[in-house]
Number of protein chains: 2
Amino acid sequence: MKPASARLVWFANVATGLCKSWSASLVATLKDVAERAGVSRSAVSRAFTEGASVSGRTRQKVYAAAEELGYSPNALASGLTTGRTKLVGLVSDNFHNPLFLEIFDLFTRGLQSRGLRPLLVNLSGERDPQNSLRMLRQYSVDGVIVASSTLPPDFTRSFRGATIPIVHSFGRKAEKPDVHVVGIDNHACGAMAARTLLARGYTSLGFLGGPEEATSTQDRLAGFLQVLKGRKGISVTHSFADGYAFTAGREEMLRLLSGDPAEAYFCGDDVLSVGALSALQTLGMSAPADVGIIGLNDMEMASWPNINLSTIRQPIEDIIDASIELIVNMLDDPERMPESRLFRCDVIERGTLRPIVA
Amino acid sequence: MKPASARLVWFANVATGLCKSWSASLVATLKDVAERAGVSRSAVSRAFTEGASVSGRTRQKVYAAAEELGYSPNALASGLTTGRTKLVGLVSDNFHNPLFLEIFDLFTRGLQSRGLRPLLVNLSGERDPQNSLRMLRQYSVDGVIVASSTLPPDFTRSFRGATIPIVHSFGRKAEKPDVHVVGIDNHACGAMAARTLLARGYTSLGFLGGPEEATSTQDRLAGFLQVLKGRKGISVTHSFADGYAFTAGREEMLRLLSGDPAEAYFCGDDVLSVGALSALQTLGMSAPADVGIIGLNDMEMASWPNINLSTIRQPIEDIIDASIELIVNMLDDPERMPESRLFRCDVIERGTLRPIVA
DNA sequence: GACACTCTTGCAACCGATTGCAAATTTTCA
DNA sequence: TGAAAATTTGCAATCGGTTGCAAGAGTGTC
C-alpha cells in the first residue's frame, strides 16, 4: 500500500520528463518532496504555509523539488489537521428558475476567487435539512450557503445548533434571525409594486404569487396588501402559482384570464411574469394594452426585447458578494451574532406597464 | 488541540439531551463512539462499513452509541486511507445558457443518488486546464465530469496523463478519443438540420453558429454544409455569433437582416434561436412568415408557447445518465479504454418553420 | 572569543479514519 | 466433549499532512 512514494523517487531519478507524467498518476506526497529536497517533512509543510518559519534557502530547495515531482499539497489531509477544508456547501432547491444560473455563476466565481470550493447540494424537494447537514458535516465544510427564497423558516434553524458558519441568501429577514440572512426586504418590495401600480392609475390590482408556502411569496403579498388595504376605489385579488416556474405562471394567468381579471398584476417573480405574458399572448392579448404586468428580480431574460418586462430589480451581485463576505468573516469568528443584511430594490421601467398618470 | 473527544464524553455522561446539541458542534469521532460503546475503534469503523466482519451484537452497540453522540463518519479522513472521497469534479464554462441549469440539475441529482458529491468548478474563461486539474487533484476527487460543448479538444487531453477518471459530456466525438466522450453527433445534427430545411422547400439557407472556435459549432456547420454542398438551386451562407447566448444570437441576426438574409436559418443552439426570433420581432417580422428558424437542444424555453421553436432535440437526460454511469464504472476500472458514446437527436416540429412541401 | 539572543530545523505526536494480521472467541461437527 | 473451522476482535501501522517543543545554527555585541 505504499508504492507511490517509492516508485516515484525512482522515476524522478530516471528522467524529469517521464517523471512529470507519472507524478500525475502516482501522486507525489510531502514525503517524496522532503526526500528529494533533502529536508524534513515539516520543512516542506512549512514551505507551503504562508507565514511559517522557513529560511529562503530551504523554501527554494523545496519548491524546486516540488516542481520536479509535480507536487501539490493534499487539501483533504491538511484539512484533517487544521480543521479548514476550504470547502463551502452551496445548497439550493431551485434548479428551474433561470435566475439561479446567474446566481450559481456568481457564487462559484466569488468563492473560487477567494480560494474556496463550492460543494453543490441539490435539495430537489427534500424538506428535511438533517440529511444535507449530516452530509456537509461529513465533508467538514468550512461553511454553508443556502441559496433559496422558498425554504421554510425551520430549514436553516436546524443549522443553528451545529456551530457551522451558515448564511441564508435570498432568505426571509427577521429581527433576530437564527442564522445570517442576506437578501431583500420582500415586504417592502410588495409595497413598492403596489405603489408602482397605483401611480399608473390601475384600480383593480392582482397579486400572482409563487408557491403559497414560500416565505418570499408570503412577504411580498403582505407588503402588497398593506399598501392597498382600505384604499377606496381600489380592488385587490391574489392567487398562487404552483411553483416559481414558467408553466406555473402561465397556467395561473390563463385561469385568471378565463374569469374576471384585474387590470394589472404583480407577479411574484420574473419567471412567473414571463409565463403570464405568454398566457396573454395565447389569448390574443398583450401587456400593457390589455393587462399590466410587473415582475420581480430583473433576471437577464426580462430585458430581452421580445419580453421587455417591467420589474423590480433585486441586486443579486450585492447579495452574493455580501453572502460570501459573511461566510469568510465567520471562518474567523464563528460565534458572530446572526444578522439580516438587506439590499434595496429598484423599479425597472420597461414595456409591460402603462405610463405614470399625471 | 484535543478538546472535542474529551469534553464530549463528559457531556455524554451528564445528560443525553444536552449531549445531542453539543455533539453537533464538537463533532464526535470514531474514538468517542468506541469508548462509549466499549469496543475498539476498528469495531466502530467496521460497523459502518458495508460487508465488514462484525457481529450483529457489536453493530447494535455501536449504532446505539453513535446515535447518542450524533456521530457520522468523517468522509475526508476515510477518503485519506481508502483513496475514495466520493467527490466528483463537475467542471463547466457555460453559465449563461439556460440549458445548463437543467444540466446541473440532472447532474447533481444523478450524482447524489449514487452517493457522490459534486464539486463545482466554474472555468469562467480559463482555457488552461492545469489549474483546475491541480485543484481537483488537491481534493482527491474520484472523477471529473467536464460538461461543455465549447472547450477546445486539448482541454480534456491534459487529463489523459493523470490517471483520474474523466468523462467529457457534450464533447466532440472521435474515433479514438483521449477521454470518454458522451454527447451527440454534431455533424449528423447539422446534416439533419439541412435536410429538414430542404424538405420544407427553402432554397436559400443560412447557418447562424455559436463561437467559431467551439467544436460543436464547427461540427454542426460541417454537417450542414456537407448535405448542401453542390446541390443546385440551393445557396448557403454562414456566420457566427459571439457566444452561446441570447444577445449574441440577436445581434448577429439583426446584422443578417440588415443585409440580404436567407430564407431560413439553422441556429447552432436554442438560445441563439431565441435571440434570432427577438431580432425578427424587433424588425416587425416573424417566423416562419418572413424567415424560418430551426434551433438545437430543445431547451425548456423552446416549448414555451410564445417562443414555440422548431428545433432538434438533444437527449440531455440520456447523456447525463450515461456520463454518470461511465464515471461510476471507471471508479472500479480506471484504465478503461476511452470511447465515444453518442445519442440520437430528433427534430421537434413546432412553429418556426413552414410545413413540409409535398 | 564568549555570551545572549533570534531564527531554523527536525522529532514525534496528532488529526479521524482503515486494514492486515494474529489472537480470541464462537460455531461446527465428529 | 473436544478439536478443527469459521467468525469476530483488537493492536498497531498507515494515509498525507500540521505543529509544539527542544535542539541546532546564525547573528550581534562587548
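Everything below is about the structure shown above.
Note that the structure is predicted; figures quoted are calculated from it, not measured.

**Student:** So what's going on with the packing of aromatic side chains? Residues and values would help.
**Tutor:** Residue and element names in this part refer to chain B. Applying the stated criterion across every chain yields a total of 18 aromatic pairs over all chains. With centroids separated by 6.1 Å and ring planes inclined at 65°, the aromatic side chains of F100 and F104 adopt a geometry described as edge-to-face. With F100 and F104 both in helix α7 (residues 99-113) and 4 residues apart, the pair spans about one turn of that helix. Here F100 and F104 have matching classes, each one buried. With a centroid separation of 6.0 Å and an interplanar angle of 40°, the aromatic rings of F207 and F224 are classed as tilted. Pair noted here: F207 is in strand β6 (residues 204-209) and F224 is in helix α11 (residues 215-228), with a separation of 17 residues, a long-range link.

**Student:** Requested: an account of the sheet that holds β6(B), with residues and values cited.
**Tutor:** Residues and elements named next belong to chain B. Pairing is mixed in the open sheet, where 6 strands are placed in the order β7-β6-β8-β9-β10-β12. What marks the edges here is a single partner per strand, and that holds for β7 (235-240) and β12 (346-348). Taken over all neighbouring pairs, the strand axes of this sheet differ in orientation by 25° on average, direction set aside. Sheet analysis places β6 next to β7, joined by 6 bridges and oriented parallel.

**Student:** Could you give an account of the relation of the copies chain A and chain B, naming the residues involved and the relevant values?
**Tutor:** Superposing chain A onto chain B takes a rotation of 180° combined with a translation of 0.0 Å along the rotation axis, leaving an RMSD of 0.1 Å. Such a turn and shift between the copies fits a two-fold axis. Among all residues of chain A, the minimum C-alpha distance to the rotation axis is found for L119(A), at 2.3 Å. The residues that chain A uses at the interface reappear at the interface of chain B in 100% of cases, marking a shared surface.

**Student:** Summarise the sheet that holds strand β12 (residues 346-348) of chain A; cite the residues concerned and give the values.
**Tutor:** All names here are of chain A. In space, the 6 strands of this open sheet follow the order β7-β6-β8-β9-β10-β12, with mixed pairing throughout. If you trace the sheet from one side to the other, it starts and ends with β7 (235-240) and β12, each paired once. Averaged over all adjacent pairs, the angle separating strand axes in this sheet is 25°, with direction ignored. Note that strand β6 (residues 204-209) and strand β8 (residues 264-267) share 4 bridges and pair parallel. Pairing of L205 across the sheet is with A264, part of β8. In the packing of helix α10 (residues 186-199) onto the sheet, contacts are made with β6, β8, β9 (292-297), β10 (311-313) and β12, and the angle to β8 comes to roughly 160°.

**Student:** Kindly report on the environment of L133(A), identifying the contributing residues and their values.
**Tutor:** All names here are of chain A. Among the secondary structure elements, L133 is positioned in helix α8 (residues 129-138). A sequence separation of 26 residues divides L133 from F159, and the C-alpha atoms of the two residues are 7.3 Å apart. Ignoring sequence-local partners within four residues, the contact set of L133 consists of S158, F159, A162 and I164.

**Student:** Go over the protein's contact with DNA strand D with me, naming the residues and quoting the values.
**Tutor:** Inspection of the region around DNA strand D gives 27 residues, with L30(A), S45(A), T81(A), T58(B) and T81(B) positioned closest. Restricting attention to atoms of DNA strand D within 4 Å of the protein, one finds that 54% of them are sugar or phosphate atoms. At a separation of 3.4 Å, a base nitrogen of DNA strand D approaches a polar backbone atom of A77(A). S42(B) is positioned with one of its side-chain polar atoms (N or O) 3.1 Å from a base nitrogen of DNA strand D. Element by element, the count of residues in the surface near DNA strand D is highest for helix α6 (residues 75-82) of chain A, at 5 residues.

**Student:** Describe the nonpolar core, with residues and values.
**Tutor:** Residues I293(A) and I293(B) are the most contacted members of the largest nonpolar core, which totals 152 residues. Each residue touching I293(B), except ones within four places of it in the same chain, is listed here: M253(B), Y265(B), C267(B), S273(B), A276(B), L277(B), L280(B), A287(B), L309(B), S310(B), T352(B) and L353(B).

**Student:** How would you sum up the side chain of R220(A)? Please name residues and give values.
**Tutor:** Residue and element names in this part refer to chain A. With respect to the helices and strands, R220 occurs in helix α11 (residues 215-228). The charged side chain of R220 is buried without a salt bridge, its nearest counter-charge being D269 at 4.9 Å. In contact with R220, other than residues within four places in its own chain, are I184, N186, G190, F207, Y244, F266, G268 and L296.

**Student:** Outline the interface of chain A and chain B, listing residues and values.
**Tutor:** Opposite the 55 residues of chain A that make contact, chain B presents 55 residues. A combined buried area of about 5000 Å² lies between chain A and chain B, and 63% of that area is made up of carbon and sulfur atoms. On the chain A side of the contact with chain B, L76(A), L101(A) and Y139(A) bury the most area, a combined 14% of that side's loss. On the surface where chain A and chain B come into contact, there are 0 salt bridges. Put simply, the parts of the chain that give the side of chain A that touches chain B at least two residues each are α2 (16-25), α6, α7 (99-113), β2 (117-122), α8, α12 (246-257) and α13 (270-282) of chain A. The leading source of residues in the side of chain A that touches chain B is α7(A), at 7 residues. Of the residues in the side of chain A that touches chain B, the class split is 26 nonpolar, 21 polar and 8 charged.

Conventions adopted
- Residues numbered from 1 in each chain as written.
- Chains lettered and ligands numbered in written order.
- Predicted model: local features only at pLDDT ≥ 70, side-chain atom pairs only at ≥ 80, totals over all residues.
- Heavy atoms only, no water.
- Phe/Tyr/Trp six-rings, centres within 6.5 Å; stacked < 30°, edge-to-face > 60°.
- Helix = DSSP H or I, 4+ residues; strand = E, 2+ residues; numbered from the N terminus.
- Buried < 20%, exposed > 50% of the residue type's maximum accessible area, 1.4 Å probe, protein only.
- Pairing = 2+ DSSP bridges.
- Axes fitted to C-alpha atoms, helices over the stretch in contact; angles between N-to-C directions.
- Least-squares fit on C-alpha atoms with pLDDT ≥ 70 in both.
- Contact = heavy atoms within 4.5 Å.
- Near = heavy atom within 4 Å.
- Polar contact = N/O pair within 3.5 Å; in protein donor to acceptor, adjacent residues only side chain to side chain.
- Core = buried A, V, L, I, M, F, W, Y, C linked by side-chain atoms within 4.5 Å.
- Lys, Arg positive; Asp, Glu negative; His and termini not counted.
- Salt bridge = Lys/Arg side-chain N within 4 Å of Asp/Glu carboxyl O.
- Buried area = accessible area lost by both parts, 1.4 Å probe.
- Nonpolar A, V, L, I, M, F, W, Y, C, P; charged D, E, K, R; others polar.

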